[in-house]
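Residues per chain are reported as follows:
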Protein chains: 4
Amino acid sequence: MSMNSFGHIFRVTTWGESHGPALGATIDGCPPGVPLSPEDIQVWLDKRKPGQNKYTTQRREADEVEILSGVFDGVSTGTPIQLMIRNIDQRSKDYGDIAEKFRPGHADITYWQKYGIRDYRGGGRSSARETAARVAAGGVARAALAKLVPGLSVTGYMVQMGTETIDRARFDWAQIGENPFWVPDAEAAETWATYLDGLRKAGNSVGAVIEVTVQGAPAGLGAPVYAKLDTDLAAAMMSINAVKGVEIGEGMSAAMLTGDLNADEISMGENGPVYSSNHAGGILGGISTGQDIVVRFAVKPTSSILTPRRTITKSGAATEIITKGRHDPCVGIRAVPVGEAMAACVILDHLLLDRAQTGGMRGKIG
Amino acid sequence: MSMNSFGHIFRVTTWGESHGPALGATIDGCPPGVPLSPEDIQVWLDKRKPGQNKYTTQRREADEVEILSGVFDGVSTGTPIQLMIRNIDQRSKDYGDIAEKFRPGHADITYWQKYGIRDYRGGGRSSARETAARVAAGGVARAALAKLVPGLSVTGYMVQMGTETIDRARFDWAQIGENPFWVPDAEAAETWATYLDGLRKAGNSVGAVIEVTVQGAPAGLGAPVYAKLDTDLAAAMMSINAVKGVEIGEGMSAAMLTGDLNADEISMGENGPVYSSNHAGGILGGISTGQDIVVRFAVKPTSSILTPRRTITKSGAATEIITKGRHDPCVGIRAVPVGEAMAACVILDHLLLDRAQTGGMRGKIG
Amino acid sequence: MSMNSFGHIFRVTTWGESHGPALGATIDGCPPGVPLSPEDIQVWLDKRKPGQNKYTTQRREADEVEILSGVFDGVSTGTPIQLMIRNIDQRSKDYGDIAEKFRPGHADITYWQKYGIRDYRGGGRSSARETAARVAAGGVARAALAKLVPGLSVTGYMVQMGTETIDRARFDWAQIGENPFWVPDAEAAETWATYLDGLRKAGNSVGAVIEVTVQGAPAGLGAPVYAKLDTDLAAAMMSINAVKGVEIGEGMSAAMLTGDLNADEISMGENGPVYSSNHAGGILGGISTGQDIVVRFAVKPTSSILTPRRTITKSGAATEIITKGRHDPCVGIRAVPVGEAMAACVILDHLLLDRAQTGGMRGKIG
Amino acid sequence: MSMNSFGHIFRVTTWGESHGPALGATIDGCPPGVPLSPEDIQVWLDKRKPGQNKYTTQRREADEVEILSGVFDGVSTGTPIQLMIRNIDQRSKDYGDIAEKFRPGHADITYWQKYGIRDYRGGGRSSARETAARVAAGGVARAALAKLVPGLSVTGYMVQMGTETIDRARFDWAQIGENPFWVPDAEAAETWATYLDGLRKAGNSVGAVIEVTVQGAPAGLGAPVYAKLDTDLAAAMMSINAVKGVEIGEGMSAAMLTGDLNADEISMGENGPVYSSNHAGGILGGISTGQDIVVRFAVKPTSSILTPRRTITKSGAATEIITKGRHDPCVGIRAVPVGEAMAACVILDHLLLDRAQTGGMRGKIG
C-alpha cells in the first residue's frame with residue numbers, strides 16, 4: 001500500500017522530483033525472460049519528451065533511461081527493475097518566484113499544508129515530469145505484453161482539445177502518429193494547430209481529452225470488487241497529474257442511455273462471443289469481454305500561465321502571480337504516452353493477477 | 001491487495017452473493033473507541049433498501065445488519081468488525097432463465113468466461129446487492145468520522161437521470177431527502193417522476209449521474225502519486241456496479257477550460273486560505289484543499305429489462321432474453337447512499353493514512 | 001495491508017472474539033472450481049476442537065463452520081469465501097476477575113494500553129480461539145492444494161513438550177494420529193502423558209515445539225526478498241498466539257554448523273536434483289528446492305494458571321491473580337492443526353504467486 | 001504486496017544485484033521534516049562495509065550512498081526517498097565457475113529453477129550485498145525515529161558464533177563497538193578471534209546468532225493478528241540472507257518453561273507498569289509492553305567455502321565445486337548492522353501504523 005506505487009503483481013513505484021538529481025521507477029514482479037533493452041523503453045520516453053515542437057514545453061531533457069537492475073544478458077530476471085532518468089536541464093532560476101507564492105490550480109499549496117516543506121523547484125514531486133517514470137515503466141510493461149500476448153496493442157490519442165473535438169466519422173488510426181497532437185483525424189490536426197497557437201501566444205493554456213484503446217486483450221481480465229479492471233484503469237488514469245475525469249466505454253454519457261440502447265447484444269462468432277456494439281468499453285462486471293478496452297480521461301489546463309492570477313504568499317499576504325517558466329499550452333498532448341503507459345501497466349498486471357487465481361483457464365462457450 | 005478489499009488503513013472487504021445465505025463486510029483498521037450500534041449502520045441501509053417506492057426493485061429485503069465482532073460495550077475495540085446481512089427474500093425461480101443465457105450488458109458472460117462457474121442466481125457476486133455491504137461499511141466510517149472530525153458531512157444526490165438534469169440555480173440541500181430521487185431540486189423531482197414512470201411502464205431502464213459532496217474535510221488529505229485522494233475516490237466510485245465514469249470537480253469539462261478560467265484564485269480568510277471558485281473539486285495535486293470535495297459518477301441503465309435482446313446460451317446458440325425479475329428502472333437512485341458510503345470510507349481512510357505519515361501536522365500559512 | 005489479514009493472493013482475514021456472537025475467516029483469491037463442502041473444513045476444526053481429552057481445555061465448542069459465500073454447486077466460485085463459526089459456550093462468569101486485573105504473560109495489558117478498551121471476556125481477540133478461524137481457512141487451502149498439486153501433504157506434529165523431546169530415531173509418521181499429542185514417537189507419547197498429567201494437576205502449564213513438514217511441494221515457490229517462502233512461513237507461525245520462535249530446517253542450530261557440514265550436496269536424480277541432506281529445510285534463497293519443507297515453532301506455556309502471580313489492576317493497584325477458567329495445560333497440542341493450517345495457506349499462496357509471475361515455467365536442469 | 005518490499009506505511013523496496021551497475025532502496029512513507037543527509041546513512045553502511053578486517057570479505061566496496069530524491073533543504077519531504085549505491089569493485093572473473101555449477105547451500109539452483117535465468121555474478125540478487133540497501137534504509141528509519149522518539153535506541157550484537165557463546169554475566173554494552181565481532185563480552189571477543197582464525201585459514205565458515213535490542217520503544221506498538229510486532233520482526237529477520245531461525249524474548253526455549261516461570265510479573269512503577277522479568281521479549285499479544293524489545297536470529301555458515309562439495313552442472317552432470325572468491329568466514333558479523341536496520345524499519349513502521357489507527361492515544365493505567 002505504499003503511496004507512490006501501483007499494481008498488484010507488476011508493481012511500479014515512481015520516485016523523484018522535477019529538479020532533483022534523478023527520477024525513476026522501481027518495478028517489482030516483472031515476469032522473467034522478457035527481452036528488454038534501454039532502447040525498448042527509450043522509444044516511449046522520446047514520444048513524451050518535451051521540446052519536440054512548439055506545443056510542448058521548451059525545457060530540454062534528454063530523458064535518457066538507465067536500467068540499473070533486474071536485467072541480465074538482455075532479458076528480465078524476475079527481480080526488481082530499477083529505471084533511472086537523470087535530470088539535466090534544471091534552470092532553477094525560472095522558478096524563483098514560486099518559492100514564496102502558491103500558484104492557483106497547482107499543488108503548491110496542498111503540498112505545503114500537508115508536509116510543511118516542499119521542493120518548489122519546478123513543482124518538485126507534483127511536476128508532470130514524474131510521468132516520465134510512468135512512461136519508462138510502461139515500456140517494460142509493453143515488452144512483457146509483447147511476450148505474453150503477442151497481438152495486443154495499446155494506443156492513445158487525443159479526442160478533444162478545449163472546445164475542439166474530433167469527428168469520429170473521420171477516425172483514422174494511421175493519422176495518430178502524423179501530427180503533433182496524436183489526433184486520429186487529419187482535419188482536426190490542422191484546426192487544432194491554429195487553435196492552440198492562439199492560446200500559446202496569449203500565454204494561456206487549455207485542457208484535453210485523451211482516449212486509450214487496448215486491442216487484443218483476452219476476455220477474463222479483472223476481478224470483483226475492488227480489483228475490477230475498470231477500477232484499476234480509472235485509478236491509473238486519475239493518478240496522472242491534472243486529470244479530473246475518467247470514462248470507460250460510454251462513460252458519463254451512459255447516464256443518458258436507456259437499457260435497451262445500452263445493451264451490447266451478443267452473438268456467436270468464429271472465435272467466441274461477438275458483440276453488436278461496445279458501450280461497455282470492453283468491460284462487464286469489472287472483467288474484460290475480449291472487445292476493445294476503451295478508457296478516456298480529461299486533463300485540465302496547465303495552471304502555469306502568463307495571465308496574472310490572485311493568490312497568497314506563505315505568510316498569508318495577498319499577491320498576484322504569473323508563471324514565466326517554459327510550459328505546455330496543452331499538457332494533454334504529452335499525456336497521451338502517459339495514458340498509454342498506465343494502460344499497459346494495468347493490463348499486464350491483470351494478466352498476471354488472472355493467471356495467479358485462475359491459471360488462465362476459461363469457462364467454455366459453445 | 002485482496003481483490004475484494006479497498007482502503008489502506010480502514011480496510012473493507014465485502015463478501016457474499018445475492019442469493020446466498022448472507023453477505024457482509026469485514027472491516028479492519030477502524031480506530032478504537034468509536035461509539036457504534038447496529039442502529040448507526042441500519043439507518044444508512046434503510047436509505048438504500050429496495051422496495052421503498054415504485055422506482056426501486058420490489059424485491060423485499062429487511063437488510064438487517066448484525067455486528068458479529070469488533071464492538072464491545074457499545075464502542076469499537078480496534079479489532080476487525082464483521083457486519084453480516086442475511087439474505088431472506090431469495091425467490092430463485094425468478095432467475096431461472098439466466099442460468100443458461102447471458103444477459104447483454106451484464107457480468108454473466110465475463111464471470112463465466114473467467115471462472116468457469118458462476119452463481120447465476122440474481123447475478124451472484126455481481127449483483128447490486130453487494131453494495132449493501134458497502135453501505136454498512138460506510139455506516140462504520142461515518143461513525144468514526146463523527147468522532148474524529150465532528151463537523152464533516154458526506155452528502156450524495158442525483159444531478160442527472162437520463163436526459164434530465166438539475167438546474168444548479170435551484171440547488172437546495174434541504175430538498176434532497178424530500179423526494180424519491182435524492183435530487184436537490186424540487187421541480188426536477190416532479191419532472192423526473194413522470195419521466196421515470198414512462199420508462200418503468202415500458203419495462204425499460206435509464207442511467208443517472210450522482211454527485212457526492214464532502215464538507216468540512218481538512219486540508220492535507222491524500223498523497224502522491226497513487227494514493228491521491230482523487231485517485232482513491234475515483235477507484236471507489238468506479239468499483240460500484242454499473243458505474244462507467246467518474247469526475248472530480250470540473251470533471252470531463254475541465255478539457256474545455258482555459259488555464260485562466262480554471263485557476264481557483266486564492267485569498268486569505270480568517271481560518272486559512274479561501275478560494276474564489278472550486279473547479280478543482282477540493283483537491284489539488286491529489287491532496288485536499290479544505291474546500292468541499294466534489295465527486296460525480298455516472299451509472300449506466302440496468303441491463304435487466306423487459307425489451308428482448310439478442311444473446312447466446314452457454315452452448316453458443318443464438319437466442320433472445322428478457323429479464324422478468326424485479327428490477328430498478330433507475331439503479332442510480334439506490335446508488336446515492338452507495339456513493340456516500342464509498343466517499344465516507346475513503347475520507348476516513350485518508351485521515352488515518354495522513355496521521356500515520358504526518359501525525360496530523362500542517363504547514364503554516366500566515 | 002490490513003492488520004488481520006495474511007497472504008498475497010490467497011488472502012485470509014480472520015475476525016471475531018472469544019465470547020462474541022461468532023468468529024470466522026474471510027478468504028479472498030481462492031481459485032475457482034475447487035470442490036468444497038463444510039465437511040472438508042470441519043474435519044480440521046474437529047482436530048483442533050477443545051474438550052477432546054483431559055489435556056485440552058474443557059470449554060466445549062461445537063466449532064461448526066458455515067460457508068456463507070463463495071461456494072456454489074459444491075465448488076468455489078473465485079469470489080470471497082466467508083466462513084463463520086458461532087460461539088456457543090460462553091460462560092462469561094468464569095472470566096469476571098480479569099476485567100480489572102491484567103494476567104502476567106497475557107495480552108490483557110497491551111490491548112488495554114493500545115486501544116483503551118478491550119473485550120476481556122476470554123481474552124477477546126487475543127484468545128487462542130481466534131486460531132479456529134485459521135484452521136477453517138487452512139481447510140480451504142488444503143482443498144485447493146488437493147486440486148492443484150495432488151500429491152502434496154502438510155503434516156504437523158509435536159517434537160518437544162517442556163523438557164521432553166522426541167527421539168528422531170523412533171520417528172514414525174503413522175504414530176502421529178494415534179496419541180493426544182500428535183507426537184511421531186510412541187514411547188514419547190507415553191512419557192509425555194505422565195509428564196503433562198503432573199503439570200495439569202498442579203494447575204501449571206508448559207510450552208512445546210511443533211514441527212510442520214510439507215511434502216510434495218514443487219521447486220520454485222517463494223521470491224526475493226520479502227516474499228521469501230521462509231519469510232512468509234516465519235511470519236505465519238509467529239503470528240499464532242503464544243509463539244516465541246520459528247525455525248526453518250536446521251533453525252537456530254545452524255549457528256553451530258560449519259560451512260562444509262551445512263551444505264546439502266546435490267546430485268542428479270531421475271526426476272531432477274537430489275540432495276544428500278536437508279539442513280536447508282527445503283528452502284534456498286527463499287525459494288523451495290523440491291525437498292521437504294520443514295518449519296518449527298515454539299509455543300510458550302499458557303499464562304492462565306492456578307499459581308498466583310503478582311500483577312496490577314487497571315487503576316494501578318498491586319494485586320495477585322490466578323486464572324480459574326478452563327485452560328489447556330499445554331496449548332502446544334492444539335497448535336498442531338493451527339501450524340498445519342498456516343503452512344497450507346502459505347504454500348497455496350506461493351503457488352498462486354509463482355504462477356502469477358512465472359506462469360509456472362521452470363529453468364531446465366539436465 | 002510487491003515481493004521485494006516490506007513495511008506497511010514506512011515501506012522499503014530494495015533493488016539491485018551484486019555485480020550490476022548499482023543497488024539501492026526505494027523508501028515510501030517516510031514522515032516529512034526528518035533531518036537527513038547522506039552522512040546520516042553512510043555511518044551505518046560503513047559499519048557493514050566489507051574489507052574492514054580479516055574476518056570479513058576482502059571485496060572492497062566504497063558503498064557510498066547517494067540520495068536521489070525525497071530530501072530537500074536537508075530534510076525529508078514526505079515523498080519517496082531513493083537511495084543508490086554504485087557497485088564499483090566487480091571482479092567478475094572470481095565468479096566464473098559458478099555460471100555453470102550450482103553451489104550447495106546457495107540460492108543458485110532455486111533461482112535457476114524458478115526464473116530460468118539468473119545473474120550468477122556474485123550471486124546476483126541473492127548476494128548478501130543486497131543487505132547494504134537494507135542498512136541504508138535503516139539509516140533513514142533511525143533518523144525518523146530520532147525525531148519521533150528521541151530516547152529510542154536499536155542495538156545489535158553477536159551472542160553466539162559456531163559453538164562459542166557469550167557469558168551473559170559478563171554482558172557489557174560498552175564492549176560491543178570495541179571488537180570486530182560486535183560482541184558484548186570482552187573475553188568472548190578474544191576467544192572468538194582465535195576460533196574464527198582457525199576456520200578462516202581452513203577455508204571453512206561458521207554460523208552465528210545475532211541479538212537486537214530496542215530500548216525506549218513505547219507500549220502499544222503492534223496489532224493483531226498478522227501485523228503483530230513480533231510477526232513483523234520475525235519476517236524482517238527471516239528475510240535476511242542465510243537466516244534460519246528467529247526468536248523473540250525467550251524464543252525456542254519458551255517451550256521448556258512452565259507457566260509460573262514464564263509469567264513476567266507486573267507491578268506499578270513511577271512511569272507505568274514495571275515487569276519482574278522479560279521472558280516476553282517486550283511483546284505480549286503482538287503488542288509492545290514498553291520493556292526492551294529483544295529479537296534474535298541465527299545465520300547459517302556461508303556456503304561459499306574452499307572445501308570441495310559435490311554438486312551438478314546446469315546440464316545435470318555430477319561435479320565438484322569450491323568457491324575461490326573473497327568471502328566471509330562468518331557472515332554473521334556483517335549481519336549485525338543488517339539486523340539493526342531491519343529492527344529500526346519495523347519499529348518506525350509500527351509507530352506510524354499505530355498513530356494511524358489509534359492516533360497515539362493510550363489506555364490509562366493508574
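Look up a bit, the structure's there.
Visitor: Which residues make up the pattern of salt bridges, and what values go with them?
Guide: Residue and element names in this part refer to chain A. Evaluation of the coordinates by the stated rule reveals 80 salt bridges over all chains. A salt bridge links Arg-170 to Asp-185, with the nearest nitrogen and oxygen atoms 2.9 Å apart. Of the two residues, Arg-170 is situated in the loop between strand E9 (164-165) and helix H4 (186-201) and Asp-185 in the loop between E9 and H4; the sequence distance between them amounts to 15 residues. With a shortest N-O distance of 3.3 Å, Glu-187 and Arg-170 are connected by a salt bridge. Placement of Glu-187 in helix H4 and of Arg-170 in the loop between E9 and H4 is noted, with a sequence separation of 17 residues between them.

Visitor: With reference to specific residues and values, describe the sheet that holds strand E7 (residues 81-86) of chain D.
Guide: Residue and element names in this part refer to chain D. The strand order across the open sheet built from five strands is E1-E2-E3-E7-E4, with neighbouring strands paired in antiparallel fashion. For this open sheet the edge positions go to strand E1 (5-6) and strand E4 (65-69), each flanked by a neighbour on one side alone. Sheet analysis places E4 next to E7, joined by four bridges and oriented antiparallel. In the strand pairing of E7, Val-65 is matched with Ile-85. Taken strand by strand, helix H3 (residues 131-148) contacts strand E2 (11-16), strand E3 (22-28) and E7, and its axis lies near 35 degrees from that of E3.

Visitor: Outline the interface of chain C and chain B, supporting the account with residue identities and numerical values.
Guide: Taken together, the 43 residues of chain C in the interface contact 43 residues of chain B. Taken together, the two surfaces of chain C and chain B that pack against each other cover about 3300 Å², and 66% of this comes from carbon and sulfur. If you sort the residues of chain C by the area they bury against chain B, Leu68(C), Phe72(C) and Ile117(C) come out on top, with a joint share of 19%. For the pair chain C and chain B, the number of links is zero salt bridges.

Visitor: Can you explain the side chain of Lys114(B)? Please cite residues and give values.
Guide: Summarising the element assignment, Lys114(B) is placed in helix H2 (residues 108-115). Taking relative accessible area as the criterion, Lys114(B) reaches 3% and is therefore assigned buried. A distance of 2.6 Å separates polar atoms of two side chains, one belonging to Lys114(B) and the other to Asp354(A). Not counting the four nearest positions on each side in its chain, Lys114(B) is found in contact with Gly220(A), Leu221(A), Gly222(A), Ala223(A), Ile287(A), Asp354(A), Gln357(A), Thr358(A), Met361(A) and Arg362(A).

Visitor: Tell me about the relation of the copies chain C and chain B, and name the residues and values.
Guide: Rotating chain C by 180 degrees and translating it 0.0 Å along the rotation axis places it on chain B, where the RMSD comes to 0.0 Å. Such values leave the two copies arranged in the relation of a two-fold axis. Most of the interface of chain C is mirrored in chain B: 100% of its interface residues are interface residues there too.

Visitor: For the interface of chain B and chain A, give the residues involved together with the corresponding values.
Guide: In this complex, chain B contributes 114 residues to the contact, which on the side of chain A involves 114 residues. The junction of chain B with chain A conceals about 8900 Å² of combined surface from both sides, 62% of it contributed by carbon and sulfur atoms. Per-residue buried area on chain B facing chain A is highest for Lys114(B), Tyr226(B) and Lys244(B); these three make up 10% of the total on that side. Counting the contacts that link chain B with chain A gives six salt bridges. Close ionic contact of Arg310(A) with Glu265(B) constitutes a salt bridge, the shortest N to O distance being 3.1 Å. At the boundary of chain B with chain A, the tally comes to 57 residue pairs in polar contact (both at pLDDT 80 or more). In terms of residue class, the side of chain B that touches chain A is built from 54 nonpolar, 41 polar and 19 charged. Relative to strand E11 (residues 243-248) of chain B, strand E11 (residues 243-248) of chain A runs antiparallel, the two being bridged by three bridges. Its bridge partner lying in E11(B), Val246(A) is registered against Val246(B).

Visitor: So what's going on with the packing of aromatic side chains? Residues and values would help.
Guide: For the structure on display, the rule yields 28 aromatic pairs over all chains. On the basis of an interplanar angle of 55 degrees and a centroid distance of 6.2 Å, the ring pair of Phe181(C) and Trp192(C) is categorised as tilted. You can see Phe181(C) sitting in the loop between strand E9 (164-165) and helix H4 (186-201) and its partner Trp192(C) sitting in helix H4, a full 11 residues away along the chain. There is no split in this pair, since Phe181(C) and Trp192(C) are both buried. Relative to Phe171(D), the ring of Tyr157(D) has its centre 5.1 Å away and its plane inclined at 85 degrees; by these criteria the two rings are edge-to-face. Placement of the pair is Tyr157(D) in strand E8 (residues 153-161) and Phe171(D) in the loop between strand E9 (164-165) and helix H4 (186-201), with a sequence separation of 14 residues. Since its relative accessible area comes to 1%, Tyr157(D) is described here as buried. Overall, Phe171(D) belongs to the partly exposed group, its relative accessible area being 22%. One aromatic cluster is present, formed by Tyr157(A), Phe171(A) and Trp173(A) through successive ring pairs. Above the face of the Trp44(B) ring, Arg142(B) is positioned so that its terminal group lies 3.6 Å from the ring centre.

Visitor: Which residues make up the sheet that holds strand E7 (residues 81-86) of chain A, and what are the values?
Guide: Residues and elements named next belong to chain A. Here we have five strands laid out as an open sheet, ordered E1-E2-E3-E7-E4, and antiparallel in their pairing. Two strands close off the open sheet at either side, each with one partner strand: strand E1 (5-6) and strand E4 (65-69). As paired strands, strand E3 (residues 22-28) and E7 are joined by six bridges and run antiparallel to one another. Note that in E7 the partner of Ile-27 across the bridge is Ile-81. Sheet strands touched by helix H3 (residues 131-148): strand E2 (11-16), E3 and E7. Its angle to E3, the strand with the most contacts, is close to 35 degrees.

What counts, and at which threshold
- Residues numbered from 1 in each chain as written.
- Chains lettered and ligands numbered in written order.
- Predicted model: local features only at pLDDT ≥ 70, side-chain atom pairs only at ≥ 80, totals over all residues.
- Heavy atoms only, no water.
- Salt bridge = Lys/Arg side-chain N within 4 Å of Asp/Glu carboxyl O.
- Helix = DSSP H or I, 4+ residues; strand = E, 2+ residues; numbered from the N terminus.
- Pairing = 2+ DSSP bridges.
- Contact = heavy atoms within 4.5 Å.
- Axes fitted to C-alpha atoms, helices over the stretch in contact; angles between N-to-C directions.
- Buried area = accessible area lost by both parts, 1.4 Å probe.
- Buried < 20%, exposed > 50% of the residue type's maximum accessible area, 1.4 Å probe, protein only.
- Polar contact = N/O pair within 3.5 Å; in protein donor to acceptor, adjacent residues only side chain to side chain.
- Least-squares fit on C-alpha atoms with pLDDT ≥ 70 in both.
- Nonpolar A, V, L, I, M, F, W, Y, C, P; charged D, E, K, R; others polar.
- Phe/Tyr/Trp six-rings, centres within 6.5 Å; stacked < 30°, edge-to-face > 60°.
- Lys NZ or Arg CZ within 6 Å of the ring centre and 35° of its normal.

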